[in-house]
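# Commentary on secondary and tertiary structure
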Amino acid sequence: MAFSMRPTSRRAGVTLAVLAAWACAAPAPSLADGARPAAPAAQPDRVRGLKAPPVDTPLYRRGVVAVANPYGAEAGARVLQQGGNAIDAAVAIAYALNVVEPQSAGMGGGGFMLVHLAKTGETFSIDTRETAPAGATRDMFSGVSNASRKGVAVGVPGMVRGTAQVVAEHGKLPLKRVLAPAIELAEDGFAATQRYADVSCNDRALNSPEARDFFCPGGVAPAPGTLVRNLPLANTLKLIARHGADCFYQYQPDKGCDIAQGILAGQARSTILVNGVEQAGKPGSMTLADLAAYQPARRAPIEGSYRGYTIKAMAPPSSGALTVLQILGMLERFPLGDASQGFGFGSVKTLQTMADAMRLAFADRAIWMADADFVPVPTVGLIHPDYLALRSGLITPGQRIDPNPVADDPRPYEIPGFKRGQRLAVALPVTGPDNGTTHFSVADRWGNVVSYTNTIESSHGIGTFAGYTLPDGSFRNFGFLLNNELTDFNTSPSTNPFTGTDGYNDVQPQKRPRSSMTPTMIFDPEGRPILAYGSPGGATIINSVVNVTINLVDHGMGLQAAIDAGRISVASANPSITLESRFPTETADGLRALGYSVSIGDVGSVQAVGRLPQSGLVYGAADDRREGTVIGLPRPRP
Ligand code: GLU
């Protein structure tokens, strides 16, 4: 194998042979500058306070990608090799993942792309989050069973318009070259990975006859290594490559652009399949006007600091940055890294302190965080040091907060003279299920860095392809799944207990549902990006980012070790901990003894890249909780 792919997955063996064949068909790496990874031994420019990557970490001069799937990583590496920058590579990865990891993300959904541009020093995000159609109503989920599998859950997809714009504005390659690896994968096929096979017959993949027949033909998942081709998706990608994003968002039959019709028909389906039995659906209200009106947003990240490091992450409509910075801000007064005081990595005291900071932040999140284009999210007050000191005061190491914490009112820390609100006894918001999603990170040779989380919400979204029935009765399939993102809204109408107004995350037309996606970057004291990371995992995304950050900063771990280490997650005010089995059983017992309920399970999948700011050398770290893969450039000579 002629390249330095680093699949950390323990399970990707069969696939990699086929992937190698695909990779070898790619243009040969440029050897112009003696393509060799930099010698790993000398790593002079460690960043103050953070551990330098261990000496055996490969460092690269010409870019690196870290992706949760080996084909996605290969697509990004190829585009970097062809002269694309981190933006081009990230978009290539997003489209390739639509083919090879269709259950997680793709054209039928949206996400957040955090970008650092070396030339201007700017860091900004491209928000391609789905919007509610104009016909959406606050109570549209009321009384609807299985809402997350029905058309009513489908938001107006954002990925295609947002990625086309960012490539045009900041990329170096034309969109059609960026799409080329995905088209090739869809047309020529790829070998099903273990993870692809594992989820192919899940109940959501069987939600419609076309998805069932594609993912789980005859009730059997493809064996790992089976060649999977998606010709309808290849054709859809070619239409976009040829005509641009309008071909997705507008019905232009003269150009052959009828994707929009497929999206509308998919979300208007009147039935779903549950355990093979047809059930009444609840169609969505999306129209051509909703699709045509979709606009991505360029947003400033929310910025904060943790023990001297600047952290920038995704602003509303994501709750990611605010909740991460709340948790870290509340924890800063505790010496989490100091084992001599009973803290240190993995101690019950450290984990319980983290758990209660999470509970406090998630209590606030439920009330205050939502789409700030529609509701007045107190983004300053929520992470104001005085407010966080007040909240942190509720944490006692070694003692569980009891009763469960409730949200407080951050507005006095933001609006001068504002009096603390009286908490009313009203309905609390309810949030829908979370699953699916994918995160990847890219750094290029010019110093641009991208951290991108992309999703169709649950695994396989609503389990329905965009497509419509032709007059002859055949199905015109576009080969990509539709999202169920709108169940990230409060699924029952609620009231904000401080303002008395509608719940901040209640459904409104054109609003974006609250997200937890947290593409993140850490900057050195000179303002240079040194790390980019993020995770899938619904609300637990926030906690994956917190765990990794604490591992890096407090526990002095290198990037790979910080990802490999066990994680803890609490995603509500309840004392319900998810703990990874990477901790010894005594740890769970210790937390249970303090009154927490502890369930054992995986938390997230973090793909990260790092950059040594003085030399500009880059490196990657991948997560074996999925099929994490790092590819750095130049690839080593055979
Ligand atoms: N839809 C979720 C969000 O935006 C992500 C889903 C997941 O990661 O499972 O927060």
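Reference entry: report on the structure contained in this document. (Residues numbered from 1 in each chain as written. Predicted model: local features only at pLDDT ≥ 70, side-chain atom pairs only at ≥ 80, totals over all residues. Heavy atoms only, no water.)

Let us look at helix H15 (residues 540-553). Between the first and last C-alpha of H15 there are 20 Å, a value that for 14 residues agrees with the 20 Å anticipated at 1.5 Å per step. Among the 14 residues that make up H15, 13 are buried, leaving the element largely enclosed by the rest of the structure. (Helix = DSSP H or I, 4+ residues; strand = E, 2+ residues; numbered from the N terminus. Expected span 1.5 Å × (residues − 1). Buried < 20%, exposed > 50% of the residue type's maximum accessible area, 1.4 Å probe, protein only.)

It is worth spelling out the state of the cysteines at this point. Counted according to the given criterion, the structure contains 2 disulfides. Each sulfur of the disulfide joining Cys201 and Cys216 lies 2.0 Å from the other. The sign of the S-S torsion, about 100°, decides the handedness of the disulfide formed by Cys201 and Cys216: right-handed. In this pair, Cys201 sits in the loop between helix H6 (194-199) and helix H7 (209-215) while Cys216 sits in the loop between H7 and strand S6 (227-228), placing the two residues 15 residues apart along the sequence. Taking relative accessible area as the criterion, Cys216 reaches 4% and is therefore assigned buried. Once the disulfide-bonded cysteines of the protein chain are ranked by sequence position, their pairing pattern turns out to be 1-2, 3-4. (Disulfide = S-S within 2.5 Å.)

So, on to unusual backbone geometry. Each neighbour pair has its own omega, and for Asp402 with Pro403 the value is 0°, a cis peptide bond. For Asn146, which is not glycine, the phi torsion reads 50° and is therefore positive. Along the chain, Asn146 falls in the loop between strand S4 (123-127) and helix H4 (159-170). Among the residues examined, Asn146 registers a relative accessible area of 33% and is labelled partly exposed. We note that His460 has phi near 65°; this positive angle belongs to a residue other than glycine. The residue His460 is located in the loop between strand S13 (449-455) and strand S14 (465-469) in this model.

Right, let's talk about helix H8 (residues 231-243) for a bit. Between its first and last C-alpha atoms H8 spans 18 Å; for 13 residues at 1.5 Å apiece the expected length is 18 Å, and the two agree. Residues of H8 that are buried: Leu233, Ala234, Thr236, Leu237, Leu239, Ile240 and Ala241. In the core, the buried residues of H8 are packed alongside helix H3 (86-100), H4, helix H5 (175-188), helix H9 (246-249), helix H10 (259-267) and strand S15 (475-481). Trailing H8 by a residue or two, Gly244 shows a phi angle of about 85°, which is positive. (Contact = heavy atoms within 4.5 Å.)

For the rest of this paragraph, the subject is the side chain of Asp371. Looking at the secondary structure, you find Asp371 in the loop between helix H13 (348-368) and helix H14 (385-392). Of the polar contacts made by the side chain of Asp371, one reaches the backbone nitrogen of Asp373; its length is 2.9 Å. (Polar contact = N/O pair within 3.5 Å; in protein donor to acceptor, adjacent residues only side chain to side chain.)

Following the sequence through the fold, Gly604 ends up in the loop between strand S20 (597-600) and strand S21 (608-611). Assessed through its relative accessible area of 17%, Gly604 is described here as buried. For the pair Gly604 and Asp623, spaced 19 residues apart in sequence, the C-alpha to C-alpha distance is 8.9 Å. Excluding residues that lie within four positions of it along the chain, Gly604 makes contacts with Ser535, Pro536, Ser544, Arg567, Asp623 and Arg625.

This brings us to the sheet that holds strand S18 (residues 568-569). One open sheet holds the 3 strands; their spatial order is S18-S19-S20, and the pairing between them is mixed. The open sheet has two free edges, formed respectively by S18 and S20, since each of these has just one partner strand. By the bridge criterion, 2 bridges tie S18 to strand S19 (residues 576-579) in an arrangement that is antiparallel. Of the residues in S19, the one forming a bridge with Ser569 is Thr578. (Pairing = 2+ DSSP bridges.)

Turning our attention to the pattern of salt bridges. Tallied over the full model, the rule gives 32 salt bridges. Notably, a salt bridge pairs Arg512 with Asp127, separated by 3.1 Å at the nearest N-O pair. Of this pair, Arg512 sits in the loop between S15 and strand S16 (520-523) while Asp127 is found in strand S4, placing the two residues 385 residues apart along the sequence. According to the relative accessible area criterion, Arg512 is buried, its value standing at 6%. A salt bridge links Arg567 to Asp623; the nearest nitrogen and oxygen atoms lie 2.9 Å apart. With a gap of 56 residues between them, Arg567 in the loop between helix H16 (559-564) and S18 and Asp623 in the loop between strand S22 (618-621) and strand S23 (629-632) connect regions that are remote in the sequence. For Arg567, a relative accessible area of 0% gives the class buried. According to the relative accessible area criterion, Asp623 is buried, its value standing at 0%. (Salt bridge = Lys/Arg side-chain N within 4 Å of Asp/Glu carboxyl O.)

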